[in-house]
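# A look at the structure
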Amino acid sequence: MSGNEAIAKGAYDAGVGFAAGYPGTPSTEILENIAKRYIDIYAEWSPNEKVALEAASGASMAGARALASMKHVGLNLAADPLMTLSYTGVNGGLVIITADDPGIHSSQNEQDNRHYARFAKIPLLEPSDSQEAYDFTRLAFEISERFDTPVILRTTTRISHSKSLVSIKKPKRLNKETAIPNNIEKFVMIPSYARERHRIIETRLKRLQNFSDRFRYNRYENKKGKIGIITSGVAYQYVKEVCRDIPVLKLSMTYPLPVNLIKKFAKGFKKLYVVEELDPFLENEIKALGINVIGKENIPSSGELNPDIIEEALFGKRKRTKKNNLKLPVRTPIMCAGCPYLGIFHTLKKLGLFVAGDIGCYTLAALSPYNAIDSTLCMGAGICQAFGMEKVLKEEERKKLVAVIGDSTFLHSGITGLMDIVYNKGITTVIILDNSTTAMTGRQDHPSSGFTLKGEETKEVNIAEICSALGVERVRHINPFNLSEIENVILEEINQKQPSVIISKSPCVLLKHKTNFQRQPSLIVDLSLCNGCMACLKIGCPALERIEKDNLSLVAINTMLCNGCGLCINLCSIGAISS
Ligand SMILES: Cc1ncc(C[n+]2csc(CCOP(=O)(O)OP(=O)(O)O)c2C)c(N)n1
């Protein structure tokens, strides 16, 4: 199983009744697996991670075991409920899965979410392989109920996506009934009750620390030698690959730490290393115990670790492998052939506007050959950044910017930004790229896609009506394959003295099964007409390929990729492209 599959199975075998999340690499497959394989668990894509955790906490309050799953940055949204959920505690076990992304394979940052456990004063488990992902998911629910606390299970990309053998244990059949709770001192966090709950948290932390000392997955494997290593998570695997015989203290519950176990292990070594990915989370805690360790002075605190890095850090050289000097060609990520975004970004670049971008497939438009996005921060930020700029720019400059956001991102966290523009008398133009899916993370459904996580048909939230309801009077629709229409509408809207929304609705080209999208026959270039001007390449469609013929550089169309959208025909002034 992959780590994510193991977590889904672990949740099922733990008797989970409710699972919610929002897609995000590397966490997405957890909920997809639950929805596909363990159909008696209620499972949903929530509009965002805050909603997912809050809904899961409701299910827990009613007595069900509940899980909320998200990528690392998702926990930033869910941090508000998380901090106070630590106070209320749980009824049914409540587990939050955060899948961190060291190396930033597919994220906007590589924050280390272990800090959230310490910040919220709740237990943290870090599996090192799929077996532990399975075991720890089950244990997390036990710990949650035993200590009346939410628990964080933290994976990283390599744990989530690597596969290893998992031996399955007997599933837990819960005999706990769900019921409406009646305990306002525990669940109503007004100051008088919250003060008391804070005291309870501090006692709980001490009990958890004792538990951590006895937790059998916090263990050391031998103690003989001059060098010792303390490690956790995927770093444990790299350490074992590099030095099988060196004593290792493997930590699995990394908050609160097993203080006594660490002190016991630390005795007698000449050198004690802490090997961990990203921040000196363990290192600082261990140093605070007065134990002298070597950590980030040797081991990088950004990017992923691997056995080679660890070998060099511990021994000053690589013994096992030679440096690989293979130079691979750089392949920048590009949009798909026929993507409905191509014409929009081609036009935005042509108009020379500042484009406050957001997070989704469209973020790729920041790169060559599109070069059409000027800022990207976090989901939902683009609308607000454009608005903030607008408020401080000179009158003439205000017309030179737009915000671009996808449908899933708009529903996730774009709505409040648009509300701000309307409420505070802005004039920003917002372009919503509605492709009926969350394409970037693998085409998951969302509240306006018409389907639930389980594939059932449902109501489609109407994005245009949301915009109107927020008070936007100018809501325009454009056909993303009509370049002149795109240009005219954008020019009209940026010149308005009021907010406007332009909705470009056309399904993602990879969404054929859910829409009535019809692939058109591929286009062709008449090479006897093509004069090699390369104007068509400006659209950035990967189906258009530069070829050499009779010592001339011309353009041909890769018929395997082209879906006949026709955008490039608009750019060929000599009519060399046809169907
Ligand atoms: C807080 C947060 N949650 C999840 C993600 C992962 N993620 C990246 S883009 C994206 C949404 C993309 O959907 P949409 O806005 O519709 O654009 P599309 O990819 O379809 O063009 C998601 C969920 C993230 N980056 N940040």
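That block above? That's the structure.
So, here's what we can say about the structure. (Residues numbered from 1 in each chain as written. Predicted model: local features only at pLDDT ≥ 70, side-chain atom pairs only at ≥ 80, totals over all residues. Heavy atoms only, no water.)

A few words on the packing of helix H15 (residues 381-392) against helix H16 (residues 407-423). Axes are the key here: two packed helices are described by the angle between their axes and the distance separating the axes. Relative orientation of the contacting elements H15 and H16 amounts to 20°, with a least axis distance of 7 Å. Relative to H16, the element H15 is oriented roughly parallel. Only Phe-410, Gly-414, Gly-417, Leu-418, Asp-420 and Ile-421 of H16 make contact with H15, whose side of the interface consists of Ile-383, Cys-384 and Phe-387. Split into classes, the residues belonging to the contact of H15 with H16 amount to six nonpolar, two polar and one charged. (Axes fitted to C-alpha atoms, helices over the stretch in contact; angles between N-to-C directions. Helix = DSSP H or I, 4+ residues; strand = E, 2+ residues; numbered from the N terminus. Parallel < 35°, antiparallel > 145°, perpendicular 65-115°, else oblique. Contact = heavy atoms within 4.5 Å. Nonpolar A, V, L, I, M, F, W, Y, C, P; charged D, E, K, R; others polar.)

Bringing the pairing of strand S1 (residues 18-21) into the picture now. Consecutive side chains of a regular strand alternate in pointing toward one face of the sheet and then the other. Side chains Phe-18 and Ala-20 project from S1 onto one buried face, and the interleaved Ala-19 and Gly-21 project onto a second face that is buried too. Tracing the backbone out of S1, into helix H2 (residues 29-37) and back to the parallel element strand S2 (residues 42-45) gives a crossover that is right-handed. Across four bridges, S1 lies against strand S3 (residues 66-71) in parallel orientation. The residue bridging Gly-21 from the neighbouring strand is Ser-69, located in S3. (Buried < 20%, exposed > 50% of the residue type's maximum accessible area, 1.4 Å probe, protein only. Right-handed = clockwise from strand over helix to strand, strands pointing away. Pairing = 2+ DSSP bridges.)

A few words now on the sheet that holds S2. In spatial order, the strands read S2-S1-S3-S4-S6-S5-S10; together these seven strands make up an open sheet with mixed pairing. Each end of this open sheet is capped by a strand with a single partner; those strands are S2 and strand S10 (253-255). Where strand S5 (residues 124-125) meets strand S6 (residues 151-156), two bridges bridge the pair, whose relative direction is parallel. Counted as the bridge partner of Leu-125 is Leu-153 from S6.

Time to look at the sheet that holds strand S12 (residues 354-356). Overall, parallel pairing links the five strands, which are arranged S12-S13-S14-S16-S15 in an open sheet. In this open sheet, the two strands that pair with only one neighbour each are S12 and strand S15 (474-478). Going from strand to strand, the sheet's axes swing by 25° on average, the running direction of each strand aside. Sheet analysis places S12 next to strand S13 (residues 401-406), joined by three bridges and oriented parallel. By the bridge assignment for S13, Ala-356 is matched with Ala-403. In this fold H15 packs onto S12, S13 and strand S14 (429-434), with an angle of close to 170° to the strand it touches most, S13.

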